[in-house]
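# A structural walkthrough
If you want the building blocks of each chain, they are given just below.
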Amino acid sequence: MELQFSIIIPVYNRPQEIDELLQSLTKQTYQKTFEIIVVEDGSNLKSDEIVNKYLEKLNLKYFFKPNSGAGASRNFGMQKASGNYFIIFDSDCIIPPNYLVEVENALTKKYTDAFGGADAAHQSFTAIQKAINYSMTSFFTTGGIRGSKKAVDKFQPRSFNLGISKKAFEQTKGFSKMKIGEDIDLTFRLWEHKFETQFIENAFVFHKRRATFKQFFKQTFAFGNGRPFLNRKYPKTAKITYWFPSVFILTFIISMLLLFFNIKIFALFFGVYFTIIIIDSLLKNKNISVAVLSVITTLIQFTGYGFGFLKGLLKNE
């Protein structure tokens, strides 16, 4: 089967991000034709003028629709697409020049009806964004399952960098109405329909994620809050590792309280752990500020996800 790529990009009130993303897509080394569909999800800050800048450089279509959330917007874009393989990006991504070449090479070597790729920090990112990227992708924080390392046998693609065939989209009906965890939900339904997924290590994107600690906390809290619902909906996919952030942050709080009673052993353990984080982040980012901030973002990540997970458990009881 000859691959015909359609890139789907939902956007909500982020014209500057779309500008950077489309600019990066003009630099693709891929020689074959591909289309790009931008779906404006009822934004007040519209991206139409930005899109118009690239109409002569890219095979580009723009649609404005009432606000319905990212999942429904992605489905809308795939319904409008003319290709047979859809690639979905978040608007806060920058795409490396060889991305589509890497995807085609991987799918030619081993075809699957869905794939996911890694994310990385671009040199233009702020120190906080680079620290957030480290916390979300490091082996010492997430086991590396969202980084550039093949850490799991069955990869669960994430919506910021996800590919799905037209056939798989039509059979699964795409994303559900879930606001958080809709990409994981889609993966589980792909597996239920006997579609295979894969991780394409070289098909990475530069993902900005969130720009402030507050935004990052809200994001990770939402991730954690949605996980118990997914565990209940797909009980065979539940893992004890989903409890780790909650256990980590509760143990950390207890260790800090024990210091008032001169019990230091647990605090010493966390001191060693955070020292490892600083050293590892420094080696990867070559920046001491990012390394120190990585401790803060790791704490925020575990706190947000951990307490979100506990709230989700109580809500679903």
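For the structure itself, consult the block above.
Below: a short report on this structure. (Residues numbered from 1 in each chain as written. Predicted model: local features only at pLDDT ≥ 70, side-chain atom pairs only at ≥ 80, totals over all residues. Heavy atoms only, no water.)

### Some details on the sheet that holds strand E2 (residues 35-41)
Ordered in space as E3-E2-E1-E4-E7-E6-E8-E5, the eight strands form an open sheet in which the pairing is mixed. Strand pairing shows two members of the sheet lacking a second neighbour, strand E3 (59-65) and strand E5 (93-94), which therefore form its edges. The sheet contact formed by strand E6 (residues 114-120) and strand E8 (residues 197-207) spans six bridges and is parallel. Bridging across to E8, Phe115 finds its partner in Gln198. Against the sheet, helix H4 (residues 99-109) contacts strand E1 (5-11), strand E4 (85-89), E6, strand E7 (161-165) and E8, and its axis sits at roughly 175 degrees relative to E8. (Pairing = 2+ DSSP bridges. Helix = DSSP H or I, 4+ residues; strand = E, 2+ residues; numbered from the N terminus. Contact = heavy atoms within 4.5 Å. Axes fitted to C-alpha atoms, helices over the stretch in contact; angles between N-to-C directions.)

### Brief notes about the environment of Met178
Along the chain, Met178 falls in the loop between helix H7 (166-172) and helix H8 (182-192). Look at Met178 and you get buried, because its relative accessible area is 16%. Taking the C-alpha atoms as reference, Met178 lies 9.1 Å from Gly226; in sequence the two are 48 residues apart. In contact with Met178, not counting residues within four places along its chain, are Asp185, Phe229 and Leu230. (Buried < 20%, exposed > 50% of the residue type's maximum accessible area, 1.4 Å probe, protein only.)

### Quick notes on the nonpolar core
The biggest cluster of nonpolar side chains holds 33 residues, and the ones touching the most others in it are Phe5, Leu22, Leu25, Ile36 and Tyr99. A per-element tally of this core places H4 first, with five residues. Among residues more than four places away in sequence, those in contact with Leu22 are Ile9, Ile36, Val51, Tyr54, Leu58 and Leu60. With 16 residues, the next largest nonpolar core counts Ile37, Ile88, Leu186 and Leu190 among its residues. (Core = buried A, V, L, I, M, F, W, Y, C linked by side-chain atoms within 4.5 Å.)

### A short note on the pattern of salt bridges
In the structure shown here, the tally under the stated rule is 13 salt bridges. One salt bridge connects Arg14 with Glu17, and the closest N-O pair in it is separated by 3.4 Å. With a closest N to O distance of 3.1 Å, Asp19 and Lys53 form a salt bridge. Taken together, the residues span a long stretch of sequence, with Asp19 in helix H1 (residues 15-25) and Lys53 in the loop between helix H2 (48-52) and E3 at a distance of 34 residues. By relative accessible area, Asp19 is classed as buried at 13%. If you follow the salt bridges from partner to partner, you end up with Arg74, Asp90 and Glu182 in one network. (Salt bridge = Lys/Arg side-chain N within 4 Å of Asp/Glu carboxyl O.)

### Here we look at H1
Along H1, the residues that are buried comprise Glu17, Ile18, Asp19, Leu21, Leu22, Ser24 and Leu25. Packed against the buried residues of H1 are E1, E2, H2, E3, E4 and E5.

### Notes on the pairing of E4
For E4, the tally of buried residues reaches five of five residues, placing the bulk of the element in the interior. A two-sided burial pattern is seen for E4, the buried positions comprising Tyr85, Ile87 and Phe89 on one face and Phe86 and Ile88 on the other. With four bridges joining them, E1 and E4 adopt parallel strand pairing. Following the sheet pairing, Phe5 is matched in E4 by Tyr85. As defined by bridge partners, E4 adjoins E7 across five bridges and the pair is classed as antiparallel.

### A word on the side chain of His207
In this fold, His207 is placed in strand E8. Residue His207 is classed as buried on the basis of its relative accessible area of 4%. At 3.1 Å, the side chain of His207 forms a polar contact with the side chain of Asp92. His207 has contacts with Asp90, Asp92, Cys93, Asp119, Ala120, Phe125 and Phe160, leaving out every residue within four places of it along the chain. (Polar contact = N/O pair within 3.5 Å; in protein donor to acceptor, adjacent residues only side chain to side chain.)

### Let's talk about the packing of aromatic side chains
Counted under the stated rule, the structure contains 25 aromatic pairs. With centroids separated by 5.6 Å and ring planes inclined at 80 degrees, the aromatic side chains of Phe204 and Phe206 adopt a geometry described as edge-to-face. For Phe204, a relative accessible area of 27% puts it in the partly exposed group. What makes Phe206 buried here is its relative accessible area of 18%. Here the aromatic rings of Phe252 and Phe274 are separated by 6.0 Å at their centres, their planes lie at 85 degrees, and the arrangement is edge-to-face. A residue pair is termed long-range when its members are at least 10 positions apart, and Phe252 in helix H10 (residues 244-258) and Phe274 in helix H11 (residues 265-285) qualify at 22 residues. Side by side, Phe252 and Phe274 carry an identical accessibility label, which is buried. Chaining the aromatic ring pairs together yields one cluster made of Phe248, Phe252, Phe269, Phe270, Tyr273, Phe274 and Phe302. Its guanidinium or amino end placed over the ring of Phe64, Lys46 lies 4.8 Å from that ring's centre, counting from NZ or CZ. Of note, Arg227 hangs over the ring of Tyr242, and the distance from its end group to the ring centre comes to 3.9 Å. (Phe/Tyr/Trp six-rings, centres within 6.5 Å; stacked < 30°, edge-to-face > 60°. Lys NZ or Arg CZ within 6 Å of the ring centre and 35° of its normal.)

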